Amino acid sequence: MSSAAIFPQRSSKDPSSPGVRIWNSLILSFAGHVKPNGETIGDPKNVFLTNVAKTYGWKPKCEPFELLPLIITDWYQKTAIFELPDDIKNYLVDISDPEYPELSELKLKWYAIPAVSAMMLEAGGIQYTCTPIAGFSKTRRFLSWICWLSHDTT
């Protein structure tokens, strides 16, 4: 089952205002650290975001499956980081497959609750710049339903 959190709409008084924004593409995502020799620890896709978090004061441990803090820009365009609580690490799962036991030897992990966060929803000309959606395996059906509800029947 999918669920969405829809933050207030972009200001109609100032349509050029970017509105609230979550920078992270997923609520739970792994940091990417580049070592001096060029090797990447963690998710190479998130090296830029990891560096952004550091500029806002994040002190990473530089571990392979280190969760990035949330980076959020508010209505007033003030950006801040929000560290995830330690117990959220319990939502990481080991990747394994009984048909390929050697996969377990790689010691890969993934997040148990996928949630897309860098999304905007536009419905009826109103823009909701911050609309994280959990359970994105069903997102297409969920978004189709939202679009159906907002379609113009006149």
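Caption draft 1: Representation of the overall build of the protein within the structure. For the protein, the helix and strand inventory stands at three helices and twelve strands. Out of the 154 residues belonging to the protein, those deemed buried represent 32%. In the protein, the share of contacts with a sequence separation of at least 24, taken over all contacts with a separation of at least 6, comes to 53%. Carbon and sulfur atoms provide 59% of the accessible area of the protein, an area that totals close to 10,200 Å².

Caption draft 2: Main features of the pairing of strand 5 (residues 70-73). Of the pairings in the sheet, the one linking strand 2 (residues 21-22) to strand 5 comprises two bridges and is antiparallel in character. Considered in strand 5, the bridge of Ile 22 is made with Ile 72. Pairing of strand 5 with strand 6 (residues 79-82), which is carried by four bridges, proceeds in the antiparallel orientation. Bridge pairing links Ile 71 to Ile 81 in strand 6. Where strand 5 hands over to strand 6, the hairpin turn is made up of five residues, of which Gln 77 adopts a positive phi near 65°.

Caption draft 3: Structural view of helix 1 (residues 47-55). Listing the buried residues of helix 1 in full gives Val 47, Leu 49, Thr 50, Val 52 and Ala 53. Buried-residue contacts for helix 1 involve strand 3 (32-34), strand 4 (40-42), strand 5 and strand 6. Phi turns positive one or two residues past the end of helix 1, at Gly 57, with a value near 100°.

Caption draft 4: How the structure looks around the side chain of Glu 66. Structurally, the position occupied by Glu 66 is in the loop between helix 1 and strand 5. Buried Glu 66, no salt bridge; nearest opposite-charge side chain is Lys 61, N-O distance 6.3 Å. Reaching out from Glu 66, the side chain makes a polar contact with the backbone nitrogen of Cys 62 at a distance of 2.8 Å. From its side chain, Glu 66 meets the backbone nitrogen of Glu 63 in a polar contact 3.3 Å long.

Caption draft 5: Structural view of the layout of surface pockets. Looking at the largest pocket, its volume works out to about 200 Å³. Residue lining of the largest pocket: 15 residues in total, with Trp 58, Leu 67, Glu 83, Leu 84 and Lys 89 positioned closest to the centre.

Caption draft 6: Just the sheet that holds strand 6, in detail. Across the sheet, which stays open at both edges, the three strands sit in the order 2-5-6 with antiparallel pairing between neighbours. Edge positions in the sheet fall to strand 2 and strand 6, since each has one partner strand and no second.

Caption draft 7: Representation of unusual backbone geometry in the model. The phi dihedral of Gln 77 falls on the positive side, at around 65°, and the residue is not glycine. Residue placement: Gln 77 occurs in the loop between strand 5 and strand 6. Look at Lys 107: it is not a glycine, yet its phi comes out positive at around 55°. Along the polypeptide, Lys 107 turns up in the loop between helix 2 (102-105) and strand 8 (109-111). By relative accessible area, Lys 107 is classed as exposed at 61%.

How each quantity is defined
- Residues numbered from 1 in each chain as written.
- Predicted model: local features only at pLDDT ≥ 70, side-chain atom pairs only at ≥ 80, totals over all residues.
- Heavy atoms only, no water.
- Helix = DSSP H or I, 4+ residues; strand = E, 2+ residues; numbered from the N terminus.
- Buried < 20%, exposed > 50% of the residue type's maximum accessible area, 1.4 Å probe, protein only.
- Contact = heavy atoms within 4.5 Å.
- Areas by Shrake-Rupley, 256 points an atom, 1.4 Å probe, with all protein chains shown as cover.
- Pairing = 2+ DSSP bridges.
- Lys, Arg positive; Asp, Glu negative; His and termini not counted.
- Salt bridge = Lys/Arg side-chain N within 4 Å of Asp/Glu carboxyl O.
- Polar contact = N/O pair within 3.5 Å; in protein donor to acceptor, adjacent residues only side chain to side chain.
- 1 Å grid on protein atoms, 1.4 Å probe; cavity = no way out; pocket = protein on both sides within 12 Å on 5 of 7 lines; lining within 4 Å.
- Points joined across faces, edges and corners; volume = space filled by probe spheres on them.

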